[in-house]
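# Summary of the model geometry
As a plain string of letters, each chain reads:
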Amino acid sequence: MRVREKVQEVLREAVVSGSGTAPWYAKGLRFACTRCGNCCSGASGFVWVGPTEIERIAAYLGLSVEAFHRKHLRRAGWGRSLLEKPNGDCEFLERRPDGTTGCLIHPVRPIQCRTWPFWKSNLESPEAWKRTAAGCPGIGRSEAYPLPIIKAALQDNGRRPL
Ligand code: SF4
């Protein structure tokens, strides 16, 4: 589903349901990535990928799904996660000479990456958001993302423990 359709769907649901109390971030949240790479490195973690994401990334890399499984995935609890390098960097994190970073699979990156930092765990409270901001210098920068976009990100991550 495209972003615009998703936003319309979220807006429709809000109108139909009356939507309860407004969340603390109802006025939107400011964020613009600085490409520091913090969220794709550091302590070991999980980058969850589902079957459709696996197919899409494998095709982007010119690999069969089986070869992608062998080279880039590990089992993690109920699902599959992308591998990390020994230093904790995501396998697909590219470090550039100017100190910025890039994602080698950016056009097909997993939902988990696409929806950062609008994860349920980060939005639980203003304090949780502040804690997240301590590691993500992009938080608090530039224009605010509006509520429907944030809700759409939460919905996309619905089945992930984020
Ligand atoms: S930690 Fe924040 S600012 Fe840094 S790369 Fe990740 S999203 Fe961008």
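Here, every reference points to the structure presented above.
Residues numbered from 1 in each chain as written. Predicted model: local features only at pLDDT ≥ 70, side-chain atom pairs only at ≥ 80, totals over all residues.

### Looking at the overall build of the protein chain
Basically, it comes down to this: Each helix is a run of H or I in the DSSP string that is no shorter than four residues. Each strand is a run of E no shorter than two, and both are numbered from the N terminus. Exposure in this text rests on C-beta crowding, where 20 or more other C-beta atoms within 10 Å of a residue's own make it buried, 12 or fewer make it exposed, and counts in between make it partly exposed. The C-beta atoms are placed from the backbone. Here, residue contact means that the backbone-derived C-beta atoms of the two residues sit within 7 Å.
Of the regular secondary structure elements, the protein chain holds seven helices and seven strands. Going residue by residue from the N terminus, the α and β elements of the protein chain occur as α-β-β-α-α-β-β-β-β-α-α-α-β-α. A buried classification covers 20% of the 162 residues belonging to the protein chain. Long-range pairs, those at least 24 residues apart, make up 69% of the contacts in the protein chain with a sequence separation of at least 6.

### Overview of the sheet that holds strand S2 (residues 48-49)
Sheet strands pair via backbone hydrogen bonds, and the direction of the pair is either parallel or antiparallel. To keep things clear, this is the line we draw: Strand pairing follows a simple DSSP-based rule, namely that at least 2 bridges must link the two strands.
A sheet is described by the order of its strands in space; here three strands give the open sequence S2-S4-S3, paired in antiparallel fashion. Looking at the sheet topology across the chains shown, the edges are occupied by S2 and strand S3 (73-76). Looking at chain direction, S2 and strand S4 (residues 79-82) are connected through two bridges and run antiparallel. Residue Trp 48 lies in a different strand from S4, and its bridge partner there is Ser 81.

### Some details on the nonpolar core
Inclusion rule: Under the definition applied here, buried Ala, Val, Leu, Ile, Met, Phe, Trp, Tyr and Cys residues are grouped into a nonpolar core through C-beta atoms within 7 Å.
Among the nonpolar cores identified, the biggest contains 11 residues, and these are Cys 40, Val 47, Trp 48, Val 49, Ile 57, Ala 58, Phe 68, Leu 73, Leu 82, Cys 90 and Phe 92. Among the secondary structure elements, those contributing two or more residues to this core are S2 and helix H2 (51-61). Once you skip the residues sitting within four places of it in the chain, Trp 48 turns out to touch Gly 79, Ser 81, Pro 110, Gln 112 and Arg 160. Core analysis: the next-biggest nonpolar cluster, separate from the first, contains seven residues, Leu 29, Phe 118, Leu 147 and Ile 150 among them.

### Observations regarding the pairing of S3
Strand direction decides the pairing type here: S3 and S4, joined by four bridges, are antiparallel. Paired with Arg 74 across the bridge in S4 is Ser 81. Here S3 hands over to S4 after two residues, with Gly 77 in that stretch at a positive phi of 55°.

### A look at unusual backbone geometry
The amide bond that connects Trp 116 to the next residue, Pro 117, takes the cis arrangement and shows omega of 0°. Checked against the element boundaries, Pro 117 lands in the loop between helix H4 (111-114) and helix H5 (120-123). A positive phi angle, near 65°, is found at Arg 35, a position not held by glycine. Assignment of secondary structure puts Arg 35 in the loop between strand S1 (29-31) and S2. In this model, Ser 142 sits at a positive phi of 65°, which is unusual for a non-glycine residue. Along the chain, Ser 142 falls in strand S7 (residues 139-145).

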